[in-house]
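# Examining the three-dimensional arrangement
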Protein chains: 2
Amino acid sequence: MAGRRPTLDDVARAAGVHKATASRALNPETRNQVKSETAHRITVAARRLGYVPNTLARGLRTSRSTAVGVLVPDLTNPLFPPIVRGIQDRLDAHGYTALLVNTDNDEARERAQFAELASRRVDGFIVATARRQHPLLAEAAERGTALVTVNRTVELPGTPAVVGDDADGVAQAVAHLRLLGHTRIAHLAGPQSVSTGAVRLRAFLQQAGPAGGAVVECAGYTEQAGRAATRRLLDQCPGTTAVLAGNDLIALGALAELAARGRRCPRDLSVVGFNDMPFADRFQPPLTTVRVPHHEMGVQAAQLLVELLTGPQTIARTVVLPTQLVVRDSTAAPPPPL
Amino acid sequence: MAGRRPTLDDVARAAGVHKATASRALNPETRNQVKSETAHRITVAARRLGYVPNTLARGLRTSRSTAVGVLVPDLTNPLFPPIVRGIQDRLDAHGYTALLVNTDNDEARERAQFAELASRRVDGFIVATARRQHPLLAEAAERGTALVTVNRTVELPGTPAVVGDDADGVAQAVAHLRLLGHTRIAHLAGPQSVSTGAVRLRAFLQQAGPAGGAVVECAGYTEQAGRAATRRLLDQCPGTTAVLAGNDLIALGALAELAARGRRCPRDLSVVGFNDMPFADRFQPPLTTVRVPHHEMGVQAAQLLVELLTGPQTIARTVVLPTQLVVRDSTAAPPPPL
DNA sequence: GACTCCACTGCAATCGTTCGCAGTGTTCTG
DNA sequence: CAGAACACTGCGAACGATTGCAGTGGAGTC
């Protein structure tokens, strides 16, 4: 082992001052309180001893950990790495550190992880696991916990959020399909318990008009659920020529079901995804999808939380980031009717 | 704000005991030291007050943070989420928390992040950014820091590591190509400064025999570097009918260059990747590649580190996990010679 | 009945910081 | 030259837990 790490007291002794002075000299905020000559001597001593401040001790004293908890459903879902990366980048810039946990959409697990983060005295939370109704978040907000949701929203007035402009994305997608000549457009809706599922569905219904298109709700934002939903859709509405998927994974499921039936995309069915996940352009076929600026979403969420933590009293605002349809090869004109 | 959180002293007072007793009652390790009736009373009081232990304070006293630092180059690289997830899963099971940072292959940034983690007094490190020569890791090892590398190794005797059996993977890939009839097999080698690049190249040279195949080293494990290397390869060795890429991203770069030249995979050139990254089966064409058990790698690395931290004195061992070729559509028999 | 032993609990030091307060010495003001 | 203002530094009490040590009382032993 490394032999005890040098402490502030060691540095102080080495520089011939009191630890309080050393503390002030080493902290940029208070450095001006100490004679610059002394400060320099202390800095040198600190470097020589290889002093590394103990954030735990500091946190104990100041009751601020400069750490924030980040909750995602599953890091392995390609949607989240860019978001997390954005969060980390902005958090870093402010001297905060992210504590990242996975909840696997399991409420018990989420509570356990939340408690773990609380025990580490994180200063706030960035939550990517929000459901529209979310008791845990409600309790936290109740207690005055600093809290920002990202990608999704929770139905709690006063909770800041950063989301994509899903309604506009849906509008762009539907317009694109219309322009190609599609009239029988269906929606493979995401789970309605989360805001993205609900918002995208509502926008779809609005765009599809009173006549409406078929809607099938998926059990989850997964390839498997997407495939199952597509199966139902194709069985019940064989006339469908285009589908808007709730997200890219669902779209991937649709492609899989299509392939299994020996039908082809886009010749037999046009498919539009949502998110523009990494490598969506390399799929078979390259996926037409709505791009959501995930990295930027993470950045903004972190920014919001930091402001909440440091700012005097900021207004809880929700940031809406623009989305954009990117057209690739999974959409084409509908097949001629038989 | 939430009004001060209840402390151990609050719980103790509520239960009519001393905080030391409360501490013992709440800690499973020492619970048997207190009368079970008292313990129960304390537990109840704790629950009622919503007591959450302060891990920072505990860490200060015990000089163990039950947190470990995890260094990855870039979370956005699809290789790492499964590894990180594996790490987190196993760490969780032992009550540890991961502090995840990105280094972007930048030495200065890595040092800064490392220092940040050190200041949070992590109990050890899991490093996915190891280069063969790595001064930072050497210094850390020197100081007796608990340290495990994952996916890659560092040339420091006594440093535990968890890696895939790359040599065997290469052997399988080359054998597969040979069986298809290829004789002019090239290797798009990964950077030789990291162990995976070097090991895979060595294995390739060994398999290719003294005659050898063409080798081009890529500047990095990126699509862009892979594409540039492919450009050079195709220009210099037009007779090549198959390439083994250093990893999937490089393979993706090869596919891109091929497409840009109007040549097709696998008809004109067979391509084998490495890693079997998520969605490699959905690419165009679905990628033949060597599967590396990334999640399991993470699990094992975490396990190793935990043993290192808690175990009496465990022997530093390096774990090699099996790899397996998975054949998809990016490989085929070579085109007939003109 | 005096002794030991044991189960249980309290006392107080400690971990490494930060920060209010007080104590220097120096300079400025009138 | 007295007094105030100021710049700088030291003192010591927190922050919230853990833990060695000591104290208490009751049960067991001979």
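Residues numbered from 1 in each chain as written. Chains lettered and ligands numbered in written order. Predicted model: local features only at pLDDT ≥ 70, side-chain atom pairs only at ≥ 80, totals over all residues. Heavy atoms only, no water.

We now examine the relation of the copies chain A and chain B. Taken as rigid bodies, chain A and chain B are interconverted by a rotation of 180 degrees and an axial shift of 0.0 Å, the fit giving an RMSD of 0.0 Å. Taken together, the rotation and translation relating the two chain copies correspond to the operation of a two-fold axis. (Least-squares fit on C-alpha atoms with pLDDT ≥ 70 in both.)

A few words now on the packing of aromatic side chains. Any two aromatic rings considered together are summarised by their centre-to-centre distance and by the angle between their planes. Counting across every chain of the model gives five aromatic pairs over all chains. When the centroid spacing of 6.0 Å and the interplanar angle of 50 degrees are considered together, the rings of Phe279 of chain A and Phe283 of chain B count as tilted. Here Phe279 of chain A is found in the loop between strand S9 (270–275) and strand S10 (288–291), whereas its partner Phe283 of chain B is found in the loop between strand S9 (270–275) and strand S10 (288–291) on a different chain. In this pair, the class of Phe279 of chain A matches that of Phe283 of chain B, namely buried. Members of the aromatic cluster, joined through ring pairs, are Phe279 and Phe283 of chain A together with Phe279 and Phe283 of chain B. The positively charged end of Arg200 of chain A is found above the aromatic ring belonging to Phe274 of chain A, 4.0 Å away from the centroid. (Phe/Tyr/Trp six-rings, centres within 6.5 Å; stacked < 30°, edge-to-face > 60°. Helix = DSSP H or I, 4+ residues; strand = E, 2+ residues; numbered from the N terminus. Buried < 20%, exposed > 50% of the residue type's maximum accessible area, 1.4 Å probe, protein only. Lys NZ or Arg CZ within 6 Å of the ring centre and 35° of its normal.)

What follows deals with the protein's contact with DNA strand D. The local shell around DNA strand D holds 27 residues, among which Thr21 and Thr38 of chain A together with Leu8, Ser23 and Arg61 of chain B are the closest. Sugar plus phosphate, as a fraction of atoms of DNA strand D within 4 Å of the protein: 59%. In the environment of DNA strand D, a base oxygen lies 3.4 Å from a nitrogen or oxygen atom belonging to the backbone of Arg61 of chain A. In this structure, Arg58 of chain B approaches DNA strand D through a side-chain N or O atom, which is 3.3 Å from a phosphate oxygen. Looking at the surface near DNA strand D, the elements with two or more residues in it are helix H2 (19–26) and helix H4 (55–62) of chain A together with helix H2 (19–26) and helix H4 (55–62) of chain B. Top contributing element to the surface near DNA strand D by residue count: H4 of chain B, with five residues. Across the surface near DNA strand D, the residue classes tally to ten nonpolar, ten polar and seven charged. (Near = heavy atom within 4 Å. Polar contact = N/O pair within 3.5 Å; in protein donor to acceptor, adjacent residues only side chain to side chain. Nonpolar A, V, L, I, M, F, W, Y, C, P; charged D, E, K, R; others polar.)

Another aspect to go through is the UniProt feature "domain: HTH lacI-type" (unreviewed entry) in chain A. Taking the UniProt record as the reference, the feature "domain: HTH lacI-type" (unreviewed entry) is found at residues 6–62 of chain A. The straight-line gap between the two end C-alpha atoms of residues 6–62 of chain A is 21 Å; of that span, 67% is helix and 0% is strand. (UniProt positions renumbered as here; feature names shortened; annotations may be inferred.)

In this section: the sheet that holds strand S6 (residues 185–189) of chain B. Residues and elements named next belong to chain B. Read across the sheet, six strands follow the order S7-S6-S8-S9-S10-S12 without closing on themselves; strand pairing throughout is mixed. Looking at which strands have only one partner, the edges of the open sheet turn out to be strand S7 (215–217) and strand S12 (324–326). Between one strand and the next, the sheet's axes are offset by a mean angle of 20 degrees, whatever the strand orientation. Relative to strand S8 (residues 242–245), S6 is paired through four bridges, and the arrangement is parallel. Bridged to Leu188 within S8 is Ala245. Contacts from helix H8 (residues 166–180) reach S6, S8, S9, S10 and S12, with the element oriented near 165 degrees to S9. (Pairing = 2+ DSSP bridges. Axes fitted to C-alpha atoms, helices over the stretch in contact; angles between N-to-C directions. Contact = heavy atoms within 4.5 Å.)

Another point: empty space enclosed by the protein. Summed over the entire model, instances satisfying the criterion amount to six cavities of 30 Å³ or more. The calculated volume of the largest cavity comes to roughly 170 Å³. Taken together, Thr55, Leu56, Ser65, Ala67, Leu99 and Arg120 of chain A together with Thr55, Leu56, Ser65, Ala67, Leu99 and Arg120 of chain B form the lining of the largest cavity. Each residue belonging to the lining of the largest cavity can be placed in one class, and the counts come to six nonpolar, four polar and two charged. Taken as a whole, the second largest cavity spans an internal volume of roughly 140 Å³. Taken together, Thr76, Pro78, Pro81, Pro278 and Phe279 of chain A together with Thr76, Pro78, Pro81, Pro82, Pro278 and Phe279 of chain B form the lining of the second largest cavity. Of the residues belonging to the lining of the second largest cavity, the class tally is nine nonpolar, two polar and no charged. (1 Å grid on protein atoms, 1.4 Å probe; cavity = no way out; pocket = protein on both sides within 12 Å on 5 of 7 lines; lining within 4 Å. Points joined across faces, edges and corners; volume = space filled by probe spheres on them.)

Residues and elements named next belong to chain A. Taking strand neighbours across the sheet as the criterion, the six strands line up as S7-S6-S8-S9-S10-S12 in an open arrangement whose pairing is mixed. The open sheet has two free edges, formed respectively by strand S7 (215–217) and strand S12 (324–326), since each of these has just one partner strand. Neighbouring strand axes in the sheet, compared pairwise and without regard to direction, differ in orientation by 20 degrees on average. Lying over the sheet, helix H8 (residues 166–180) contacts strand S6 (185–189), strand S8 (242–245), S9, S10 and S12, oriented at roughly 165 degrees with respect to S9. Packed onto the sheet, helix H9 (residues 195–208) meets S6, S7, S8 and S9 and runs at close to 165 degrees relative to S6.

What follows concerns the interface of chain A and chain B. Each partner contributes residues to the interface: chain A has 53 residues there, and chain B has 53 residues. Around 4500 Å² of area is buried between chain A and chain B when both sides are counted, 51% of it from carbon and sulfur atoms. On the chain A side of the contact with chain B, Leu56, Arg120 and Arg282 of chain A bury the most area, a combined 17% of that side's loss. Joining chain A to chain B, the criterion identifies ten salt bridges. In this structure, Glu223 of chain A engages Arg282 of chain B in a salt bridge whose closest nitrogen and oxygen atoms are separated by 2.3 Å. (Buried area = accessible area lost by both parts, 1.4 Å probe. Salt bridge = Lys/Arg side-chain N within 4 Å of Asp/Glu carboxyl O.)

Time to look at the pattern of salt bridges. Counted by the stated rule, this structure contains 44 salt bridges over all chains. Asp104 of chain A serves as the salt-bridge partner of Arg109 of chain A, at 3.3 Å between the closest nitrogen and oxygen. Exposure remark for Asp104 of chain A: the relative accessible area of 35% places this residue in the partly exposed category. For Glu107 of chain A, the salt bridge identified is with Arg131 of chain A, shortest N-O distance 3.7 Å. Within this pair, whereas Glu107 of chain A is found in helix H6 (residues 107–119), its partner Arg131 of chain A is found in the loop between strand S3 (124–127) and helix H7 (135–142), the two being separated by 24 residues in sequence. The class of Glu107 of chain A is partly exposed, set by a relative accessible area of 37%. One salt-bridge network, held together by shared partners, links Asp74, Asp104 and Arg109 of chain A together with Arg85, Asp89 and Asp92 of chain B.

Close contacts around DNA strand C come from 26 residues, with Leu8, Ser23 and Arg61 of chain A together with Thr21 and Thr38 of chain B the closest. Taken together, the sugar and phosphate atoms account for 61% of what DNA strand C places within 4 Å of the protein. The backbone of Asn54 of chain A places a nitrogen or oxygen atom 3.4 Å from a phosphate oxygen of DNA strand C. Residue Thr38 of chain B places a side-chain N or O atom 2.5 Å away from a phosphate oxygen belonging to DNA strand C. Classifying every residue of the surface near DNA strand C by side-chain character gives ten nonpolar, nine polar and seven charged.

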